[in-house]
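# Topology and contacts: notes
Listed below, chain by chain, are the residues.
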Amino acid sequence: MTDLRFYFDGTNGTPVSGSVPISVMISKSDPPKDIGTLDFYYSDSFFMRSACSYNHKLAILSLGLTMSSFTYKNDGDKYTRSALHKMGFDDRTIESHRYDDQKSCEDTCGYIFGAKKLPDDFFLIPVVIRSHRYGGEWVSNAHAVEDDLPDFSAGFKKAADEVYEALEKYIDRRGFDRERLRIWVCGYSRGGAVTNLLGARLTFESGIGKDNVFAYSFATPLTVYDRAADFTDNIFNIISEIDVVPRMPLRYWHLTRYGTDMIVPCKARRGAAEYTKLLGQMQTQFKKLMQELEVDADYVPLDDQELALDLLFDYIDDLLDTPEKYRDNGYQQLAMDYMRSKMSGDVFELKKFLQFLLDGNEAMASDLCSLIDNWHELGGIEKMQRLGVMISKRKSGDKSPATEIIFTLIGILFRYAAKYTATKVTGGAQDYFYEQLVILIVDTYQRGGDSLILQQHWPEVYLAWLLSAPETELFRRGTYTRTCIK
């Protein structure tokens with residue numbers, strides 16, 4: 001075993017605290033620069049208390065560290081390694097895995113370890129899951145259902161298990177005493193799902209007490225079925241109901257997350273008065289962050305955006321009512337094939353997705369894309385007529401996944417256009433939430449990563465929420481409750 005004295009000289013164990021500049025990937029499309037720097041507060045004291053007590057300062061730091069976990073050009077683990085070094089982790093203890101791998105891969109992820117000695121003679125090992133610019137890893141996001149992992153979202157679980165096995169080897173090879181060891185795991189989005197599952201397995205199997213396993217995940221997809229979600233109060237998942245990613249794969253399938261969900265505000269759950277106050281504070285923080293990153297961007301969500309998403313997921317639940325249908329009827333393979341076709345990863349583009357679904361039917365692709373491109377210039381009757389022609393061209397008995405998805409979308413647009421046209425004649429009211437949902441769909445098609453839907457998944461948005469208020473005011477804890485609108 002390695003002599004730990006080689007890695008931990010006299011400076012290790014001295015209390016460390018203070019501001020740490022961290023390089024982060026900027027989310028806005030076509031910014032003046034790709035990478036900016038934000039300051040975060042680090043203290044060894046964060047880890048000298050029970051992991052089962054939520055620590056807001058540690059949550060902010062964890063998000064900052066995971067925002068450094070991207071692969072940019074040929075830089076590999078440069079930015080995360082630099083952040084860890086500034087927090088006092090000896091470079092000789094830092095090991096990264098798969099940070100240079102952006103090819104299509106089977107259920108893996110990039111990750112990085114390090115180690116330092118704390119003032120109380122415990123050792124701290126951070127486990128940072130790569131969460132941005134991970135290339136081909138994102139194919140695994142759609143790999144949700146497998147017979148050999150009936151209790152988990154398969155792609156996330158297999159990646160988490162690989163990290164767990166590598167961490168076990170790291171601990172043994174470095175000669176750490178598990179009774180004097182603390183683990184700090186963090187990740188965002190896909191990395192958040194891996195963090196959630198890794199934190200649970202470390203809690204259950206590693207021999208390290210759960211008071212010493214710190215796990216903070218952000219924008220976390222669903223990971224584990226209700227029947228397997230044992231109590232793990234040392235894992236904290238910061239999520240938003242306005243973000244689509246924490247709703248995936250599907251809550252309707254009885255998927256959930258380990259640990260405690262910490263839910264940032266939205267109007268439907270907090271009430272208009274309280275939400276408006278908190279939103280104003282968040283927008284102030286968001287503007288400040290964007291100025292620090294030298295980016296011009298505002299945060300203005302659509303009114304009742306979370307309820308418009310509830311309506312969208314009513315349709316998705318009807319289309320994919322069981323995980324078996326998702327797997328056996330070809331939807332899982334279709335989603336993975338689309339992700340393989342877009343190897344840059346990370347950002348969903350609705351226009352390219354529709355073109356992918358309609359590959360081989362160029363006429364329909366042209367008609368649908370032209371309609372959405374010009375949506376705001378067309379009148380209600382013309383929209384309804386053009387959508388009606390598309391619906392009439394559906395082949396009888398065609399239940400392929402691509403066809404079902406396309407005509408679910410067309411059905412939503414047609415219902416809106418038909419009701420819009422009728423209200424012009426009768427003077428009745430449009431279905432408000434259909435109107436809001438169509439705004440979101442068209443906006444996502446036209447503006448991509450800067451759209452109202454996808455901006456909700458920016459790490460900068462989550463960070464602004466965390467900075468906007470103390471945790472006692474900010475969070476509603478507990479499981480997500482969706483409103484059925486359809």
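Given the structure is predicted, the values throughout are model-derived calculations rather than measurements.

### Regarding unusual backbone geometry
- Note the cis peptide between Met 248 and Pro 249, where omega equals -5°.
- Within the fold, Pro 249 resides in the loop between strand E10 (235-239) and strand E11 (255-256).
- Phi is positive for Ser 189, which is not a glycine, with a value near 60°.
- For Ser 189, the location among the structural elements is in the loop between strand E7 (181-188) and helix H4 (190-205).
- By relative accessible area, which is 9% here, Ser 189 ends up buried.
- You will see that His 254, though not glycine, has its phi angle at about 75°, which is positive.
- Within the secondary structure, His 254 is located in the loop between E10 and E11.

### Focus: the environment of Glu 95
- Of note, Glu 95 is situated in strand E3 (residues 95-97).
- Given the relative accessible area of 15%, Glu 95 is considered buried.
- Sequence spacing of Glu 95 and Val 127 is 32 residues, and the spatial spacing of their C-alpha atoms is 10.0 Å.
- Apart from the residues within four sequence positions on either side, Glu 95 is in contact with Tyr 111, Ile 112, Phe 113, Tyr 170, Arg 173 and Arg 174.
- At 2.8 Å, the side chain of Glu 95 and the side chain of Arg 173 are in polar contact.

### Some words on the side chain of Asp 443
- Positionally, Asp 443 belongs in helix H14 (residues 432-447).
- A distance of 2.6 Å separates a polar side-chain atom of Asp 443 from the backbone nitrogen of Leu 452.
- Excluding anything up to four places from it in sequence, Asp 443 contacts Gly 448, Ser 451 and Leu 452.

### Describing helix H12 (residues 380-392)
- With 13 residues, H12 extends 18 Å between its outermost C-alpha atoms, agreeing within 8% with the 18 Å of an ideal straight helix rising 1.5 Å per residue.
- Among all positions in H12, only Gly 380, Lys 383, Leu 387 and Met 390 are buried. One side of H12 holds all its buried residues, which, seen down the axis, span an arc of 95°. Of the exposed residues in H12, those oriented more than 90 degrees away from the buried face are Gln 385 and Ser 392.

### Regarding the pattern of salt bridges
- On inspection of all chains with the given rule, the structure shows 33 salt bridges.
- A salt bridge links Arg 247 to Asp 310; the shortest N-O distance between them is 2.9 Å. Of this pair, Arg 247 sits in the loop between E10 and E11 while Asp 310 sits in helix H7 (residues 305-319), and the two are 63 residues apart along the sequence.
- If you follow the salt bridges from partner to partner, you end up with Lys 157, Asp 161, Glu 165, Arg 201 and Glu 205 in one network.

### Some remarks on the confidence of the model for the chain
- When pLDDT is averaged along the chain, the result is 89, and 90% of the positions lie at 70 or above.
- Segment residues 1-6: pLDDT under 50, and eleven contacts once partners within four positions in sequence are set aside and those in other chains are kept.

### Focus: the side chain of Arg 201
- With respect to the secondary-structure elements, Arg 201 resides in helix H4.
- Contacts of Arg 201, omitting those with residues within four sequence positions, involve Lys 157, Asp 161, Tyr 164, Glu 165 and Ser 206.

### Notes on the packing of aromatic side chains
- According to the stated counting rule, one finds 23 aromatic pairs in the structure shown.
- Between Tyr 432 and Phe 433 the ring centres are 5.0 Å apart and the planes differ by 70°, which places this aromatic pair in the edge-to-face class.
- For Tyr 432, a relative accessible area of 33% puts it in the partly exposed group.
- The class for Phe 433 is partly exposed, based on a relative accessible area of 23%.
- Between Lys 116 and the ring centre of Phe 89, over which it is positioned, the NZ or CZ distance is 5.3 Å.
- For Lys 157, the ring lying beneath its charged end belongs to Phe 152, and the centroid distance is 4.6 Å.

### What to know about the pairing of E7
- E7 sits mainly inside the fold: eight of its eight residues count as buried.
- Here E7 shows no split at all, with Leu 181, Ile 183, Val 185 and Gly 187 on one side and Arg 182, Trp 184, Cys 186 and Tyr 188 on the other all buried.
- Across six bridges, the pairing between strand E6 (residues 123-129) and E7 is parallel. Looking across to E7, one finds that Leu 124 is bridged to Arg 182.
- Relative to strand E8 (residues 213-218), E7 runs parallel, the two being bridged by six bridges. In the strand pairing of E8, Cys 186 is matched with Tyr 216.
- In terms of handedness, the path from E7 via H4 over to E8 forms a crossover that is right-handed.

Cut-offs used in this document
Residues numbered from 1 in each chain as written. Predicted model: local features only at pLDDT ≥ 70, side-chain atom pairs only at ≥ 80, totals over all residues. Heavy atoms only, no water. Helix = DSSP H or I, 4+ residues; strand = E, 2+ residues; numbered from the N terminus. Buried < 20%, exposed > 50% of the residue type's maximum accessible area, 1.4 Å probe, protein only. Contact = heavy atoms within 4.5 Å. Polar contact = N/O pair within 3.5 Å; in protein donor to acceptor, adjacent residues only side chain to side chain. Expected span 1.5 Å × (residues − 1). Arc of directions from axis to C-beta. Salt bridge = Lys/Arg side-chain N within 4 Å of Asp/Glu carboxyl O. pLDDT = per-residue confidence, 0-100. Phe/Tyr/Trp six-rings, centres within 6.5 Å; stacked < 30°, edge-to-face > 60°. Lys NZ or Arg CZ within 6 Å of the ring centre and 35° of its normal. Pairing = 2+ DSSP bridges. Right-handed = clockwise from strand over helix to strand, strands pointing away.

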